[in-house]
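Residue-level structural notes
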Amino acid sequence: MAADFVVREATHDDIPAMSAIYGREAREGHATFDVEPRSHQAWSAYVESRAPGDVALVAADATGVLGYAYSTAYRPKPAYGHTRESTVYVDPSAQGRGIGRALYAELIERMRRAGVHVVVAGIALPNDASTRLHTSCGFTPVGTFREVGRKLDRWIDVEFYQLTL
Ligand SMILES: CC(C)(COP(=O)(O)OP(=O)(O)OC[C@H]1O[C@@H](n2cnc3c(N)ncnc32)[C@H](O)[C@@H]1OP(=O)(O)O)[C@@H](O)C(=O)NCCC(=O)NCCS
């Protein structure tokens, strides 16, 4: 069946919708260790970055933005320059329709074309959907930091994954 959404580059106009999806998870979920929505300035940095390997995408249909994925520098030191960290969020009302998969497929392809060598992702556990998405896109688990997060009154492990392009 043809997808009923498109994946395209994120623009400034998409920031309120991206921020709303993230803000909900920040306040109510454990996928991010933020506890408050992120500033408009922070979102602008993702959308505006022209560094090779920095990609910001949204999935959208006629109703608006359904989800987003972006890649950022893993760490600022120069020797990490060929490594990116990836992130993906889909609005709860649109999950399970292949949108995360489509966003990641395009994100990974664009990073590959830009010369990225390794993609890193950290998954706060448990997160069956994200674990499945990452393994199904070729990421492999490389280790787990135990109880590095505390949110919603519990300790949270973070499992790291990497994809070598
Ligand atoms: C993780 C997330 C991005 C997945 O996006 P999605 O659009 O719902 O996922 P898709 O429909 O593309 O499915 C991707 C894969 O995960 C599987 N999957 C989806 N939801 C699942 C669930 N609840 N449990 C187990 N597997 C699940 C699908 O079957 C599919 O597997 P396949 O590739 O082997 O066919 C989405 O659930 C989400 O935004 N969650 C909240 C934020 C979050 O956790 N972000 C990731 C931070 S690391």
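The structure this text deals with has already been given above.
**Structural notes on the site of the ligand**
Taken together, the neighbourhood of the ligand is formed by 20 residues, with Val90, Gly98, Asn127, Arg132 and Ser136 sitting nearest. Contacts to the ligand include Val88, whose backbone N or O atom sits 2.8 Å from a nitrogen atom. In the model, an oxygen atom of the ligand is placed 3.3 Å from a nitrogen or oxygen of the Arg97 main chain. Residue assignment for the shell around the ligand shows that the elements contributing at least two residues are strand E4 (83–90), helix H3 (99–113), strand E5 (118–124) and helix H4 (128–136). The element best represented in the shell around the ligand is H4, accounting for six residues. Residues that form the shell around the ligand fall into these classes: eight nonpolar, eight polar and four charged.

**A look at the sheet that holds strand E1 (residues 6–9)**
The seven strands are arranged E1-E2-E3-E4-E5-E7-E6 in an open sheet whose pairing can be described as mixed. Taken across any chain shown, the strands that pair with only one partner, and hence form the sheet edges, are E1 and strand E6 (140–151). On average, each strand axis in the sheet is inclined to that of its neighbour by 25 degrees, with strand direction left out of account. Strands E1, strand E2 (56–61), strand E3 (64–73), E4, E5 and strand E7 (154–164) of the sheet are contacted by H3, whose axis makes an angle of about 160 degrees with E4. Against the sheet, H4 touches E4, E5 and E7, its axis set at about 160 degrees to E5.

**Here's the deal with the pairing of E6**
Where E6 lies against E7, eight bridges are found, and the strand directions are antiparallel. Counterpart to Gly143 in the pairing with E7 is Phe160. A loop of two residues connects E6 with E7, the two strands running antiparallel in sequence, and Leu152 in this loop sits at a positive phi of about 55 degrees.

**Brief notes about H3**
Between its first and last C-alpha atoms H3 spans 21 Å; for 15 residues at 1.5 Å apiece the expected length is 21 Å, and the two agree. Taken together, the buried positions of H3 are Ile99, Gly100, Leu103, Tyr104, Leu107, Ile108 and Met111. The buried residues of H3 occupy one face: seen down the axis, they fall within an arc of 155 degrees. Once H3 finishes, Gly115 follows within two positions and takes phi at roughly 90 degrees, a positive value.

About the thresholds
- Residues numbered from 1 in each chain as written.
- Predicted model: local features only at pLDDT ≥ 70, side-chain atom pairs only at ≥ 80, totals over all residues.
- Heavy atoms only, no water.
- Near = heavy atom within 4 Å.
- Polar contact = N/O pair within 3.5 Å; in protein donor to acceptor, adjacent residues only side chain to side chain.
- Helix = DSSP H or I, 4+ residues; strand = E, 2+ residues; numbered from the N terminus.
- Nonpolar A, V, L, I, M, F, W, Y, C, P; charged D, E, K, R; others polar.
- Pairing = 2+ DSSP bridges.
- Axes fitted to C-alpha atoms, helices over the stretch in contact; angles between N-to-C directions.
- Contact = heavy atoms within 4.5 Å.
- Expected span 1.5 Å × (residues − 1).
- Buried < 20%, exposed > 50% of the residue type's maximum accessible area, 1.4 Å probe, protein only.
- Arc of directions from axis to C-beta.

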